[in-house]
Each structure stands twice: as C-alpha cells, then as structure tokens.
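Commentary on secondary and tertiary structure
Spelled out, the chains give:
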Amino acid sequence: RKEVEQDPGPFNVPEGATVAFNCTYSNSASQSFFWYRQDGRKEPKLLMSVYSSGNEDGRFTAQLNRASQYISLLIRDSKLSDSATYLCVVNAGNQFYFGTGTSLTVIP
Amino acid sequence: DVKVTQSSRYLVKRTGEKVFLECVQDMDHENMFWYRQDPGLGLRLIYFSYDVKMKEKGDIPEGYSVSREKKERFSLILESASTNQTSMYLCASSFFDEQFFGPGTRLTVL
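Below: a short report on this structure. Treat the numbers as computed from the prediction; the structure is a model and nothing was measured. (Residues numbered from 1 in each chain as written. Chains lettered and ligands numbered in written order. Predicted model: local features only at pLDDT ≥ 70, side-chain atom pairs only at ≥ 80, totals over all residues. Heavy atoms only, no water.)

So, the packing of aromatic side chains
As a reminder, the rule being used: Stacked, tilted and edge-to-face pairs are distinguished by plane angle, under 30 degrees for stacked and over 60 for edge-to-face with tilted covering the rest, among Phe, Tyr and Trp rings (Trp via its six-membered ring) whose centres lie within 6.5 Å. Throughout this description, buried means an accessible area under 20% of the type-specific maximum (1.4 Å probe, protein chains only), exposed means over 50%, and partly exposed covers the range between.
Under the definition given, this model contains 14 aromatic pairs over all chains. Judged by centre distance (6.1 Å) and plane angle (20 degrees), the rings of F33 of chain B and Y35 of chain B are stacked. Across the pair, exposure class does not vary: F33 of chain B and Y35 of chain B are buried alike. Cluster of aromatic residues (ring-pair linked, three or more members): F34, Y36, F96 and F98 of chain A together with F33, Y35, F48 and F101 of chain B.

Below is the structure:
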C-alpha cells in the first residue's frame, strides 16, 4: 500500500468553479502535512501546510482529519493560473512521502 | 529566500558512464534529499542525509550512492548509468517541516 494516495485526475474545471482534492495517508504516526504545487516540469513549491484546525489562504482551504487519515484541499473561484499539479505530502520522522499528484486544468 | 541549486538542468549520458549530480543549498539546512520523479509514479526518495557524512537509504537506492562532505552540498552518484535511470532528479533541503526543492536535473541515459 502506498504511503500517500491521491486521485490523479485530471480535473478540468471552468474558471470560477470550486474544486476539491483529497488525499489519504497510511502512517498514523505522520506528523506534518502539506500541499505542494508543481507547474509543468518545474520543481514542486509549497502551497500551504495543513493543520488539524484547518487553514485558509485566500481562495485555498486545507483540512486534516487525523482520525480518518485524510487531507483535503479546496480551491474556490478557480483562476487560469491555478492550472498545475497538486501534490499531497506527509512528513513522518525524517522522511517526506509524496502522493503522485492531482492534475488541474482551469478552462476559460 | 532559500536557494537550492543543482549543477545541471539537462544531462545526456551513455549507458555505463559514471554520473555525478550536485546539489547545493545556502540556508544551513540539516536535512537534504534526492528524489527521482517519473510520470505516474510521483516523487520517490533515493537517499537522504540529516548531517554531514550521514546518509540513509530511501525507497529506491539501488544503482545510486551519495556523498555529503559539507553541510551545504549533497551529491548523487550513478555508478554505472542505465537507461532505466532516465528521469527527472530533484534535490531538496529542509530544516523542520518545509522542503525546498532545486530546479531539477533531467537526465537522459542513452
């Protein structure tokens, strides 16, 4: 079983839509949780950390459910510039575990 | 800003060659990592290091070795390159939680 699993998509949504990505992780001892964004062939970059209390950054909201070992990312009012691959990342000890990524294309 | 640099963006090598990929970070981070990224497989950890001269195997260390002689530099070595090592190689460093990635090296082995 993979450490982190995500729906690979692709998600194709119109501008202005709300889209949600989900991710599950298998290691109950995981300590930190993140969403990274990767544009094309560039390197991944941190989008936001994910806390049990949930956190919001503008149009982006991340949630963590430790009991279900589930992480989500919600994007409201999608923009063309949101088109990218979104990676769910879990930290356990010294190691980071990556999902395979969910591809999002926002269509005009 | 944290900066992680990698020695080459694109590299083409022949089967059997010894390949060195260099990574340097400028933020005095303890932890450094080497990943490869392949379509449909995501990022897979090759090796990581949490201190100078320390190294730990990741999920796919076979065919690779690493060297960390200085805190800021973490090198990945392909002892005898093979075609199945054609991939995007990403270096990262971290202090606590957040990882910072270099721009990647796209390696093609012919």
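What about the state of the cysteines?
Residues and elements named next belong to chain B. Operational definition: The definition used for a disulfide is geometric: two cysteine sulfur atoms within 2.5 Å. Only DSSP runs of H or I covering at least 4 residues are called helices, and only runs of E covering at least 2 are called strands; the numbering of each starts at the N terminus.
In total, this model carries two disulfides over all chains according to the counting rule given. Two residues share a disulfide in this structure: C23 and C91, whose sulfurs sit 1.8 Å from each other. Its S-S torsion of about -75 degrees marks the bond between C23 and C91 as left-handed, since a negative value means left-handed. With C23 in strand β3 (residues 19–25) and C91 in strand β9 (residues 87–94), the pair connects residues that are 68 residues apart, well separated along the chain. When its relative accessible area of 0% is taken as the criterion, C91 is described as buried.

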